[in-house]
Amino acid sequence: MKLLHFLDENFERIFLTILLAAMSVVIGVQVFMRYIFRASLSWSEELTRYCFVWMCYIGISYGVKMQRHIKVDAVALLLPKKAQKYLGILANLIFLVFAVMMIQESWGVREMIAELGQESPAIGIPMQYVYTAVPFGFCLVIFRICQNLVLQIRNLSAKTA
């Protein structure tokens, strides 16, 4: 139970930290190789790019978890507190539908890439692993949106200040 709570609280942060550290090390080694040994690594930029792609999609989930995703709240602030709560739930439901659509479409693209057997040019890894970042990230988004919706619905009945 403690492990599940730990993962719930820290999964995205740990994943993002590992990816950022990997990117930093690879870029640092690339700079060192280029300027000290006058030879560059053929795979470093590609690996860094793929880490960045994964970071972006996991970062979306982290933004949802922290409730820091981009939103326009000018209209919401004009509404009464109770209406703001309902608007927040509606916004999350719309985002949930969008996330489901993203998973469906991105999984189709991922499957097509897998069938074609496309590999990355420098590293030689199957590109389906890179394309898996989108459905994986949006699965996390769905999980975090559902958590937010449960909290929002629980807070609906709470008194507004």
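That block above? That's the structure.
In what follows, the accompanying structure is described. Since the structure is predicted, the reported quantities are computational estimates derived from the model, not experimental observations.

## As for the state of the cysteines
What is meant by a disulfide is a covalent connection between two cysteines, made through their sulfur atoms.
Item 1. Taken as a whole, this structure holds zero disulfides when the rule is applied.
Item 2. The thiol sulfur of C139 is not disulfide-bonded, and the nearest other cysteine sulfur, from C146, lies at 11 Å.

## Notes on helix α4 (residues 81-116)
Item 1. Along its 36 residues, α4 runs 52 Å from first to last C-alpha, staying within 8% of the 52 Å computed at 1.5 Å per residue.
Item 2. Turning to α4, its buried residues are I89, N92, F95, L96, A99, I103, S106, R110 and I113.
Item 3. Packed against the buried residues of α4 are α2 (44-65), α5 (127-131) and α6 (133-156).
Item 4. Just beyond α4, the residue with positive phi is G117, at close to 70°.

## Some points on the nonpolar core
One recurring pattern in soluble globular proteins is that nonpolar side chains are buried together.
Item 1. Core analysis: the biggest nonpolar cluster contains 13 residues, and F138, V141 and I145 have the highest contact counts within it.
Item 2. For this core, the element with the most residues is α6, which contributes seven residues.
Item 3. In contact with V141, not counting residues within four places along its chain, are I60, S61, V64, F95 and A99.

## Regarding the packing of α4 against α6
Item 1. Their axes nearest at 9 Å, the elements α4 and α6 cross at an angle of 160°. As the angle between them shows, α4 and α6 are arranged roughly antiparallel. The hand of the α4/α6 crossing is left-handed.

## Remarks on the environment of Y57
Item 1. Here Y57 is to be found in helix α2.
Item 2. According to the relative accessible area criterion, Y57 is partly exposed, its value standing at 23%.
Item 3. Apart from the residues within four sequence positions on either side, Y57 is in contact with A133, V134, G137 and F138.

## Considering the side chain of E46
Item 1. Considering the arrangement of structural elements, one finds E46 in helix α2.
Item 2. Although E46 lies buried, it forms no salt bridge, and the closest oppositely charged side chain, R49, sits 4.9 Å away as judged by the N-O distance.
Item 3. Among residues more than four places away in sequence, those in contact with E46 are S120, P121, A122, I123 and G124.

## Section: the side chain of R144
Item 1. With respect to the helices, strands and loops of the structure, R144 is situated in helix α6.
Item 2. The buried category is assigned to R144, whose relative accessible area is 3%.
Item 3. For R144, the side chain forms a polar contact with the side chain of E12, separated by 2.7 Å.
Item 4. Beyond its immediate sequence surroundings of up to four residues, R144 is in contact with L7, D8, E12, S61, V64 and K65.

## Thoughts on the packing of aromatic side chains
Item 1. By the definition in use, this model includes nine aromatic pairs.
Item 2. Plain terms: the ring middles of F32 and F37 are 5.5 Å apart, the flat faces sit at 80° to each other, and that makes the pair edge-to-face.
Item 3. For F32, a relative accessible area of 45% puts it in the partly exposed group.
Item 4. Between W54 and F136 the ring centres are 5.5 Å apart and the planes differ by 50°, which places this aromatic pair in the tilted class. Placement of the pair is W54 in helix α2 and F136 in helix α6, with a sequence separation of 82 residues.
Item 5. Given a relative accessible area of 17%, W54 falls into the buried group.

Rules of the game
Residues numbered from 1 in each chain as written. Predicted model: local features only at pLDDT ≥ 70, side-chain atom pairs only at ≥ 80, totals over all residues. Heavy atoms only, no water. Disulfide = S-S within 2.5 Å. Helix = DSSP H or I, 4+ residues; strand = E, 2+ residues; numbered from the N terminus. Expected span 1.5 Å × (residues − 1). Buried < 20%, exposed > 50% of the residue type's maximum accessible area, 1.4 Å probe, protein only. Contact = heavy atoms within 4.5 Å. Core = buried A, V, L, I, M, F, W, Y, C linked by side-chain atoms within 4.5 Å. Axes fitted to C-alpha atoms, helices over the stretch in contact; angles between N-to-C directions. Parallel < 35°, antiparallel > 145°, perpendicular 65-115°, else oblique. Left-handed = near helix turned anticlockwise from the far one by under 90°. Lys, Arg positive; Asp, Glu negative; His and termini not counted. Salt bridge = Lys/Arg side-chain N within 4 Å of Asp/Glu carboxyl O. Polar contact = N/O pair within 3.5 Å; in protein donor to acceptor, adjacent residues only side chain to side chain. Phe/Tyr/Trp six-rings, centres within 6.5 Å; stacked < 30°, edge-to-face > 60°.

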